[in-house]
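Residue strings, one per chain:
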Amino acid sequence: MHKIAKEAFENASLYLSGASDAYRKGLTPVRISVNGVDYEAGHPKLKNAVRAVLGEPKPLSVEFANGKMQISNHKNTVIETESIQKISYMQIGLVRTIGILAALPHYYYELAIIISIKDNQYYFLNANYHVFDELKQLMKENNVSFEDPFVLTKMPDDPEKKYKYFETQFNDLAPAAGYPQQLNTVSGNKLKLGI
């Protein structure tokens with residue numbers, strides 16, 4: 001199991017202001033598409049409206065199709081293309097952030113998707129847990145090493161049971177996997193949007 005660079009967590013961002021290559025420096029929210037199926041959590045129109053009010057652009061899009069991984073910016077312009085065959089490994093872990101639910105602090109869990117290609121690391125965040133199985137299968141089909149440090153293969157389908165599973169797995173496995181207890185990514189008075 002590969003240890004993820006501490007900087008990837010320290011430079012994590014829920015917001016996209018700044019460099020367009022933030023996904024190379026720290027965990028960055030993305031929309032993911034696998035073979036034409038989009039995986040986004042929540043309500044895209046509502047989130048885009050909130051982003052507009054906050055002055056933040058739409059998140060990056062990462063599309064896995066036709067043997068390629070393509071990254072597109074908020075204007076839907078492709079900014080990077082990589083062959084899936086060139087991926088050394090993909091690790092999908094779990095990160096915990098804090099947000100507000102019913103005016104109370106609440107933990108949220110998101111998938112940390114780390115992709116290594118040669119000397120490049122890509123750090124993505126996505127909260128649609130269904131993408132886990134799709135990416136795992138895609139890596140298997142392409143003979144790419146797949147790492148699951150939080151045993152997410154066994155996560156239940158029921159949302160309440162899934163949350164309890166995440167709590168248990170996270171508390172037990174985060175220290176051994178080198179993941180922080182919580183990402184400190186909320187800046188100012190912005191609320192977590194959850195990609």
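Any chance you could explain the overall build of the chain here in plain terms?
A tally of helices and strands in the chain yields four helices and nine strands. The buried share of the chain, reckoned over its 195 residues, is 46%. Taking contacts inside the chain between residues at least 6 apart in sequence as the whole, the part at least 24 apart equals 60%. When the accessible area of the chain is evaluated, it comes to approximately 9,900 Å², of which 51% is carbon and sulfur surface.

I would appreciate a short explanation of helix α4 (residues 159-177) in the present structure.
Structural remark: α-helix, 3.6 residues per turn; residues separated by three or four positions point the same way. Within α4, the axis deviates most sharply at F170, by approximately 40 degrees. Looking one or two residues past α4, G178 carries a phi angle of roughly 80 degrees, positive in sign.

Quick question: what am I supposed to make of the packing of aromatic side chains here?
What characterises a pair of aromatic rings is the spacing of the ring centres plus the angle enclosed by the ring planes. Here the structure, examined in full by the defined rule, presents eleven aromatic pairs. Seen from their ring centres, Y23 and Y122 are 6.0 Å apart, and the 10 degrees between their planes marks the pair as stacked. One end of the pair, Y23, is in the loop between α1 (6-10) and β1 (28-34); the other, Y122, is in strand β8 (residues 120-126), with 99 residues separating them in the sequence. What makes Y23 buried here is its relative accessible area of 3%. A relative accessible area of 0% means that Y122 is categorised as buried. Note on Y109 and Y163: the rings are 5.6 Å apart at their centroids and 70 degrees apart in plane angle, and the pair reads as edge-to-face. Separated by 54 residues along the polypeptide, Y109 in strand β7 (residues 104-117) and Y163 in helix α4 bring together distant segments of the chain.

Whenever I open this one, a negative patch on the surface confuses me. Can you help?
A surface patch of negative charge is lined by D133, E134, D157 and D158. Secondary-structure assignment places D133 in helix α3 (residues 131-141).

Help me out: how do you make sense of the nonpolar core in this one?
Taken as a class, soluble globular proteins show a tendency for nonpolar side chains to be buried jointly. One finds F64, I113, I115, F124 and Y179 to be the most contacted residues of the largest nonpolar core, which totals 50 residues. With seven residues, the single largest contributor to this core is β7.

Help me understand unusual backbone geometry, please; the structure alone is not making it clear to me.
Comment: phi is negative for the bulk of residues other than glycine, and the bulk of peptide bonds are trans. Of note in the backbone geometry, N66 takes a positive phi value of approximately 55 degrees without being a glycine. Positioned with a positive phi, V151 is a non-glycine residue whose angle comes to about 50 degrees. Topologically, V151 is positioned in the loop between β9 (145-147) and α4. Note on V151: relative accessible area 30%, which makes it partly exposed.

Help me understand the environment of I4 in this model?
With respect to the helices and strands, the residue I4 is situated in the segment before α1. Among the residues examined, I4 registers a relative accessible area of 9% and is labelled buried. Considering only alpha carbons, one finds I4 and Q91, 87 residues apart in sequence, at a separation of 9.0 Å.

Teacher, can you tell me more about the pattern of salt bridges here?
By the definition in use, this model includes four salt bridges. When the shortest N-O distance is used, the salt bridge between K6 and E10 registers 3.7 Å. Residue K6 and its partner E10 are both found in helix α1; the two are separated by four residues, about one turn of the helix. A relative accessible area of 58% places K6 in the exposed class. A salt bridge links R96 to E167; the shortest N-O distance between them is 3.8 Å. Remark: E167 occurs in helix α4 and R96 occurs in strand β6 (residues 89-101); sequence separation between them is 71 residues. Residue class for E167 comes out partly exposed when judged on its relative accessible area of 22%.

I keep staring at α3 and nothing clicks. Help me out?
Within the span of α3, buried status applies to V131, F132, L135, L138 and M139. Buried residues in α3, looked at end-on, bunch into an arc of 135 degrees, giving them a common side. Facing away from the buried side of α3, by more than 90 degrees, are the exposed residues K140 and E141.

So, how was this worked out
- Residues numbered from 1 in each chain as written.
- Predicted model: local features only at pLDDT ≥ 70, side-chain atom pairs only at ≥ 80, totals over all residues.
- Heavy atoms only, no water.
- Helix = DSSP H or I, 4+ residues; strand = E, 2+ residues; numbered from the N terminus.
- Buried < 20%, exposed > 50% of the residue type's maximum accessible area, 1.4 Å probe, protein only.
- Contact = heavy atoms within 4.5 Å.
- Areas by Shrake-Rupley, 256 points an atom, 1.4 Å probe, with all protein chains shown as cover.
- Bend = angle between axes of the 7 residues up to and from the residue.
- Phe/Tyr/Trp six-rings, centres within 6.5 Å; stacked < 30°, edge-to-face > 60°.
- Patch = residues over 30% accessible without salt bridge, like charges linked within 9 Å, V, L, I, M, F, W, Y side chains within 5 Å.
- Salt bridge = Lys/Arg side-chain N within 4 Å of Asp/Glu carboxyl O.
- Lys, Arg positive; Asp, Glu negative; His and termini not counted.
- Charge placed at Lys NZ, Arg CZ, Asp CG, Glu CD.
- Core = buried A, V, L, I, M, F, W, Y, C linked by side-chain atoms within 4.5 Å.
- Arc of directions from axis to C-beta.

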